[in-house]
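As a plain string of letters, each chain reads:
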Amino acid sequence: MLKAPPRRTPAPYGLGTVAVLALGTFAVGTDAFVTAGFLPAMAASLHVSTSAAGQSVSLFAAGYAIASPLLAVATARLPRRTLLVGALVLLAVANALTALAPNYPALLAARLFAALGAAAFTPTAGATAAALVRPELRGRALAVVIGGLTAATALGVPLGRVAAVGLGWRSALGVVAGLTALGALAVRLALPALPGTEPVPLRTRLAALRRPGVLGVLPLTVLGMTACYVPYSYSVPVLAAVGVSGRTAVVAALVLYGAGAVAGNLLAGRFADRRGPVRVLAAGYVAMAAAFAALAGLAAGHARAGVVAVGALVFLWGASSWCQTPPQQLRLLAAAPAQGPLLVSLNASGVYLGIGAGSVLGGLVLPAGAAAVFALAAVLALAAGALLRATAGRTGDGAGIGAG
């Protein structure tokens, strides 16, 4: 009796298919970060203070951090393409509602809906990218997807600022809504159908937090991102205090910040492999504290600097801010290799918790002036360095890991 030939499984897809997911993460990143470029105009339009308007960033970040693990459980069985398209459609509608918000409470409600869409899309996009390609391409596939977020920092935020200046902040958010809808259409047309998965119970997900190595890493993610976002959420007014004002200058500064973010992310990943994640993080926190201290001195009038020097400090600000994620992910993977995807998603929640906390603290300190905002950020960066030093040995990833 002849045996039936084995069923052929579909060949894995290439990075070109994965790239469509990067368009989605670019839209998500632009939505998350673009507000910083027109916060004063938004505040004036809604008749609230700049600090109050900045709390919309905090609400978005907190909503993302809390919703991400809950949505991962609730939507596990949904087909992946359906979930990804639905998340982007929700994000597009939320941006349109934000653009049309008649008052501050309506704006906050719309930002919360946006957070739910972002929290459903980004972790799913990463897992889907890894499932679409051959095992040896998974690292690059994840880099492509995360590249959409860093590209949003480098390009989306400055473009949002340009749109806000030329069209108004409401029209700028309308453009973001259109970009997100385009991303949803692209995912629907280009992504193959993939089934859902069995849900991992929330209790299992949270049990990972009890591991000693994890407990030493995730709080640092929150603290480090808090330091970065104390000034970033209010970048327009604090940059004005160091001599960066006007349409062209602010856009140029945001471009430099974004370029620094991309460079910091890429270099941190490379050097974390060679020199160890703790050494990279330690250098990043020293650079961050130095940049913020120098900017605080400029804002207080204790020092003078030319355009080139201020631009270099802004570039260093961006690089030191976004050099944290690759080494932190390496530390988590070393602490619990079998729970890698789960811990990386928890680290993303930590990132957004830090963004939210930084926005709250920055808003509280902003009435005291830009110098106080930068000074607080410098102190928090030093605190992050101290926490790293105190916990590195206990997480089993001392400074020498990867050296040589």
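Residues numbered from 1 in each chain as written. Predicted model: local features only at pLDDT ≥ 70, side-chain atom pairs only at ≥ 80, totals over all residues. Heavy atoms only, no water.

As recorded by an unreviewed UniProt entry, the protein carries the name Putative major facilitator superfamily transporter and is attributed to Kitasatospora setae. As stated in UniProt under Subcellular location (unreviewed entry), the record for the protein gives "Cell membrane". (UniProt positions renumbered as here; feature names shortened; annotations may be inferred.)

Caption draft 1: Structural context of the overall build of the protein. Within the protein one finds 17 helices and zero strands. Within the protein, buried positions represent 51% of all 404 residues. Within the protein, contacts between residues separated by at least 24 positions form 87% of all contacts whose residues are at least 6 apart in sequence. Total accessible area on the protein is roughly 17,000 Å²; 70% of this is exposed by carbon and sulfur atoms. (Helix = DSSP H or I, 4+ residues; strand = E, 2+ residues; numbered from the N terminus. Buried < 20%, exposed > 50% of the residue type's maximum accessible area, 1.4 Å probe, protein only. Contact = heavy atoms within 4.5 Å. Areas by Shrake-Rupley, 256 points an atom, 1.4 Å probe, with all protein chains shown as cover.)

Caption draft 2: Representation of the nonpolar core in the model. Counting residues in each nonpolar core, the largest one holds 87 residues, and the members touching the most others are Leu-21, Tyr-352 and Ile-355. Formed jointly, this core draws a minimum of three residues from each of two domains, domain 1 (12-199) and domain 2 (201-395). Ignoring anything within four residues of it in the chain, the contact list for Leu-21 reads Leu-84, Phe-121, Ala-125, Thr-128, Ala-129, Val-145, Val-187 and Leu-191. Within the second largest apolar cluster, 13 residues are counted, among which are Ala-101, Ala-164, Trp-169 and Leu-173. (Core = buried A, V, L, I, M, F, W, Y, C linked by side-chain atoms within 4.5 Å. Domains from an automatic or database assignment.)

Caption draft 3: Representation of the packing of aromatic side chains. Counted by the stated rule, this structure contains 10 aromatic pairs. An angle of 25° between the planes, with centres 4.5 Å apart, marks the rings of Tyr-232 and Tyr-257 as stacked. In this pair, Tyr-232 sits in helix α10 (residues 218-232) while Tyr-257 sits in helix α12 (residues 247-275), placing the two residues 25 residues apart along the sequence. Per residue, the accessibility class of Tyr-232 equals that of Tyr-257, and both read buried. Arranged with centres 5.5 Å apart and planes meeting at 80°, the rings of Tyr-257 and Trp-317 form a pair that is edge-to-face. Separated by 60 residues along the polypeptide, Tyr-257 in helix α12 and Trp-317 in helix α14 (residues 307-322) bring together distant segments of the chain. Residue classification places Trp-317 among the buried residues on the basis of a relative accessible area of 1%. (Phe/Tyr/Trp six-rings, centres within 6.5 Å; stacked < 30°, edge-to-face > 60°.)

Caption draft 4: Geometry of unusual backbone geometry. Of note in the backbone geometry, His-47 takes a positive phi value of approximately 60° without being a glycine. Here His-47 is to be found in the loop between α2 (39-46) and α3 (50-74). A relative accessible area of 71% places His-47 in the exposed class.

Caption draft 5: Molecular detail of helix α17 (residues 370-391). In a regular helix each residue adds 1.5 Å, so 22 residues correspond to 32 Å; α17 covers 32 Å between its end C-alpha atoms and thus fits that length. Of all the residues in α17, the buried ones are Ala-370, Val-373, Phe-374, Ala-377, Ala-378, Leu-380, Ala-381, Ala-384, Leu-388 and Thr-391. Taken down its axis, α17 places every buried residue within 165° of arc, on the same side. Opposite the buried face of α17, by more than 90 degrees, sit the exposed residues Val-379, Leu-382 and Arg-389. (Expected span 1.5 Å × (residues − 1). Arc of directions from axis to C-beta.)

Caption draft 6: Examining the side chain of Thr-226 more closely. Inspection of the secondary structure puts Thr-226 in helix α10. A relative accessible area of 5% places Thr-226 in the buried class. Other than its neighbours up to four places away in sequence, Thr-226 contacts Gly-354, Ala-357, Gly-358, Leu-361 and Leu-380.

Caption draft 7: Just a nonpolar patch on the surface, in detail. Side chains of Val-89, Val-93 and Leu-97 sit close together on the surface and give an oily, nonpolar patch of about 240 Å² of accessible area. Mapped onto the elements of the fold, Leu-97 is located in helix α4 (residues 80-100). By relative accessible area, Leu-97 is classed as partly exposed at 44%. (Patch = residues over 30% accessible without salt bridge, like charges linked within 9 Å, V, L, I, M, F, W, Y side chains within 5 Å. Salt bridge = Lys/Arg side-chain N within 4 Å of Asp/Glu carboxyl O.)

Caption draft 8: Structural view of the confidence of the model for the protein. When the pLDDT values of the protein are averaged, the result is 83; 88% of them are 70 or greater. When pLDDT is averaged over each element of the protein, α17 comes out on top at 96 and helix α8 (residues 202-207) at the bottom at 69. Considering only residues more than four positions removed or in separate chains, one finds that residues 1-11, a stretch of pLDDT under 50, has zero contacts. Low pLDDT, under 50, characterises residues 399-404; the predicted model gives this stretch 18 contacts beyond four residues in sequence or across chains. (pLDDT = per-residue confidence, 0-100.)

Caption draft 9: Just the environment of Gln-329, in detail. Residue placement: Gln-329 occurs in helix α15 (residues 325-335). Residue Gln-329 is classed as partly exposed on the basis of its relative accessible area, which comes to 25%.

Caption draft 10: Fine view of the environment of Leu-108. With respect to the element layout, Leu-108 can be found in helix α5 (residues 104-132). Placed 51 residues apart in sequence, Leu-108 and Val-57 show a C-alpha to C-alpha distance of 9.1 Å. Aside from chain neighbours lying at most four places away, what touches Leu-108 is Ser-56 and Leu-59.

Caption draft 11: How the structure looks around α12. Helix length check: α12 (29 residues) gives 41 Å between terminal C-alpha atoms against 42 Å at 1.5 Å per residue, within 8%. Every buried residue belonging to α12 is among Val-250, Val-251, Ala-253, Leu-254, Tyr-257, Gly-258, Gly-260, Ala-261, Gly-264, Asn-265, Ala-268 and Ala-272, and all of these are buried. A positive backbone phi angle near 100° is found at Gly-276, which sits one or two residues after α12.

Caption draft 12: Quick peek at the packing of α4 against α5. Between α4 and α5, the least distance of the axes is 8 Å, while the angle of their chain directions is 155°. In terms of orientation, α4 and α5 fall into the roughly antiparallel class. For the crossing formed where α4 meets α5, the hand is left-handed. Classifying every residue of the contact of α4 with α5 gives 17 nonpolar, five polar and two charged. (Axes fitted to C-alpha atoms, helices over the stretch in contact; angles between N-to-C directions. Parallel < 35°, antiparallel > 145°, perpendicular 65-115°, else oblique. Left-handed = near helix turned anticlockwise from the far one by under 90°. Nonpolar A, V, L, I, M, F, W, Y, C, P; charged D, E, K, R; others polar.)

Caption draft 13: Seen up close, the state of the cysteines. Per the counting criterion, the structure on display carries zero disulfides. Cys-323 supplies the cysteine sulfur nearest to Cys-228, a cysteine that is in no disulfide, at a spacing of 8.1 Å. According to the relative accessible area criterion, Cys-228 is buried, its value standing at 0%. (Disulfide = S-S within 2.5 Å.)

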